[in-house]
Amino acid sequence: MLAELSPPLIAQVQDAAKLLASKRRICILTGAGISAESGIPTFRDKQTGLWENYKAEDLATPDAFARDPKLVWSWYQWRRKLVADKTPNPAHHALAQWQQHTISNQQQLTLITQNVDNLHEQAGSIVTHLHGNLWRNRCSQCHIPYINDLEGSKNSEDTINFDELLLTCPHCDGYIRPDIVWFGEALPVQAWQTAEEAAAHCEVFISIGTSSLVYPAAGLAQLAKQNGAKVIEINPDPTPNTIVDITLAEKAGVVMPVLIAQMTALQF
Ligand code: OAD
């Protein structure tokens, strides 16, 4: 596996594996890039088809929903349809394997994601969600969760009515919206506390497949660094993150299985 990488990348993977094998507290933040190899476009990719003239930043906002709830709801129904048949890729599986391995190697690994696609869970990981869950809904007015079968039936397109237009709340008649954190909204308190604590106390922070543009999540790497952690970034394209100690410039699905195999080999 290692031989398939370029010589400079091999050296960087080995450095990262050595570092990880010698540390106990690890915090990992994932973004849309980790799901790219599962076939889910990232937010920086240009949208396609019906939505090619819209930008995600203009649809994922409370203002956009207030202005045109049908438009925003339809976009999320389209996104749900796009994600429904997607499955975890080798990067999700490698992280899940690592989490299971921490039972025997005494590492403490906190996995935090900005993704709403649930692919980490599907791979078997325990994960803290900063930006909500694509398969859950709630009322936009009274915030009461709207119970439907979306989450349980995620992989069964037959049971999801993707064409369903605008649902209303049985309690207050407000419009139902996806339970996702939109631009300008606060992150879930408990999830953010978990993320901040893990970032502030970790020895290594790994940022995987995120453009590091959207705050507050993008600030977690800085918090870790200020508290003495080393920062590893896994992303085929450069990001504005200037505090990185080791950059693994390759797709997550290619580099994660190799990195974890190397780290594990050093631990035994
Ligand atoms: P972005 O779409 O901003 O960035 C995706 C990153 O993944 C880019 O830096 C790509 O270079 C990188 N990438 C692409 N393919 C990759 C691969 N195979 N392996 C590793 N990296 C790869 O996604 P996020 O940083 O997650 O918020 O975006 C943050 C937030 O902005 C999202 O959670 C979403 C969005 O608006 C909400 O929906 C609230």
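Trainee: Please explain the overall build of the chain as it appears in this structure.
Mentor: If you tally the helices and strands in the chain, you get 9 helices and 9 strands. Rg of the C-alpha trace for the chain: 19 Å, near the compact-globule value of 18 Å for 268 residues, within the 12% margin. Each principal axis of the C-alpha atoms in the chain carries an extent, and together these give about 60 × 35 × 35 Å. Across the 268 residues in the chain, those meeting the buried criterion constitute 51%.

Trainee: Whenever I open this one, the sheet that holds strand β9 (residues 246-248) confuses me. Can you help?
Mentor: Think of a sheet as strands paired side by side through backbone hydrogen bonds, with each pair either parallel or antiparallel. One open sheet holds the 6 strands; their spatial order is β3-β2-β1-β7-β8-β9, and the pairing between them is parallel. The open sheet has two edge strands with one neighbour each: β3 (128-129) and β9. As paired strands, strand β2 (residues 108-113) and β3 are joined by 2 bridges and run parallel to one another. Residue pairing across strands places Thr 113 opposite His 129, the latter belonging to β3. Each of β1 (25-30), β7 (204-208) and β8 (230-234) touches helix α8 (residues 219-226); the most contacted strand, β7, lies at about 160° to it.

Trainee: Just checking my understanding: could you explain the site of the ligand for this structure?
Mentor: Inspection of the region around the ligand gives 21 residues, with Phe 43, Arg 44, Val 181, Thr 210 and Ser 211 positioned closest. In this structure, an oxygen atom belonging to the ligand sits 2.7 Å away from a main-chain N or O atom of Phe 43. Between an oxygen atom of the ligand and a side-chain N or O atom of His 131, the distance comes to 2.7 Å. Relative to its unbound accessible area of 790 Å², the ligand is 92% covered by the protein chains. Across the shell around the ligand, the residue classes tally to 8 nonpolar, 9 polar and 4 charged.

Trainee: Help me understand the nonpolar core in this model?
Mentor: It is characteristic of soluble globular proteins that their nonpolar side chains tend to be buried jointly. Counting residues in each nonpolar core, the largest one holds 33 residues, and the members touching the most others are Trp 98, Ile 206, Ile 232, Ile 234, Leu 248 and Met 256. Counting 21 residues, the second largest nonpolar core, distinct from the first, contains Ala 198, Cys 202, Ala 221 and Val 244.

Trainee: Before we go on, may I ask you to explain the side chain of Glu 233 in this structure?
Mentor: The residue Glu 233 is located in strand β8 in this model. Buried within the structure, Glu 233 lacks any salt-bridge partner; Lys 225 is the closest side chain of opposite charge, at an N-O distance of 12 Å. Side chain to side chain, Glu 233 and Thr 239 meet in a polar contact 2.8 Å long. Ignoring sequence-local partners within four residues, the contact set of Glu 233 consists of Ser 207, Ser 212, Thr 239, Asn 241, Val 244, Ile 246, Thr 247 and Leu 248.

Trainee: Please explain the pairing of strand β6 (residues 176-180) as it appears in this structure.
Mentor: The side chains of a regular strand alternate between the sheet's two faces. Counting buried positions along β6 yields 4 of 5 residues, so the element is predominantly enclosed. Relative to β6, strand β4 (residues 132-139) runs antiparallel, the two being bridged by 5 bridges. Residue pairing for β6: Asn 137 is matched across the bridge by Pro 178.

Trainee: Sorry, what's going on with the pattern of salt bridges here?
Mentor: Working definition: two side chains of opposite charge can pair if their charged atoms are close together. Going through the model one piece at a time under the given rule, you end up with 5 salt bridges. Between Asp 85 and Lys 86 there is a salt bridge, with the nearest N and O atoms lying 2.9 Å from each other. Taking the relative accessible area as the measure of exposure, Asp 85 reaches 49% and is therefore partly exposed. Between Asp 245 and Lys 225 there is a salt bridge, with the nearest N and O atoms lying 2.8 Å from each other. Linking Asp 245 in the loop between β8 and β9 with Lys 225 in helix α8, this pair joins segments that are 20 residues apart in sequence.

Trainee: I'm lost on the packing of aromatic side chains in this one. Help?
Mentor: Each aromatic ring pair is characterised by the separation of its centres together with the angle its planes make. With the rule as written, the count across this model stands at 5 aromatic pairs. For the ring pair Trp 75 and Tyr 76, a centre distance of 4.9 Å and an interplane angle of 70° mean the geometry is edge-to-face. In this structure Tyr 76 comes out as buried when scored by relative accessible area, which is 5%. In textbook terms, an aromatic cluster arises when at least three aromatic residues are bridged by ring pairs, as seen for Phe 65, Trp 75, Tyr 76 and Trp 182. A cation sits over an aromatic face here: Arg 177 above Trp 182, 3.7 Å from the ring centre.

Trainee: Sorry if this is basic, but what is going on with the sheet that holds strand β5 (residues 145-146) here?
Mentor: With respect to topology, 3 strands assemble into an open sheet ordered β5-β4-β6, the strand pairing being antiparallel. In this open sheet, the two strands that pair with only one neighbour each are β5 and β6. Packing of helix α4 (residues 69-84) onto the sheet brings it into contact with β4 and β6, and relative to β4 it is tilted by some 145°.

Trainee: What is the right way to look at the domain arrangement of the chain in this model?
Mentor: Where interface size is given, it is often the accessible area lost as the parts come together that is meant. Assigned domains within the chain: domain 1 (2-40 + 88-131 + 187-267) and domain 2 (49-85 + 134-180). When each unit is reduced to the centre of its C-alpha atoms, the spacing between domain 1 and domain 2 is 29 Å.

What counts as what
- Residues numbered from 1 in each chain as written.
- Predicted model: local features only at pLDDT ≥ 70, side-chain atom pairs only at ≥ 80, totals over all residues.
- Heavy atoms only, no water.
- Helix = DSSP H or I, 4+ residues; strand = E, 2+ residues; numbered from the N terminus.
- Rg over C-alpha atoms; globule rule 2.2 N^0.38 Å.
- Buried < 20%, exposed > 50% of the residue type's maximum accessible area, 1.4 Å probe, protein only.
- Pairing = 2+ DSSP bridges.
- Contact = heavy atoms within 4.5 Å.
- Axes fitted to C-alpha atoms, helices over the stretch in contact; angles between N-to-C directions.
- Near = heavy atom within 4 Å.
- Polar contact = N/O pair within 3.5 Å; in protein donor to acceptor, adjacent residues only side chain to side chain.
- Areas by Shrake-Rupley, 256 points an atom, 1.4 Å probe, with all protein chains shown as cover.
- Nonpolar A, V, L, I, M, F, W, Y, C, P; charged D, E, K, R; others polar.
- Core = buried A, V, L, I, M, F, W, Y, C linked by side-chain atoms within 4.5 Å.
- Lys, Arg positive; Asp, Glu negative; His and termini not counted.
- Salt bridge = Lys/Arg side-chain N within 4 Å of Asp/Glu carboxyl O.
- Phe/Tyr/Trp six-rings, centres within 6.5 Å; stacked < 30°, edge-to-face > 60°.
- Lys NZ or Arg CZ within 6 Å of the ring centre and 35° of its normal.
- Domains from an automatic or database assignment.

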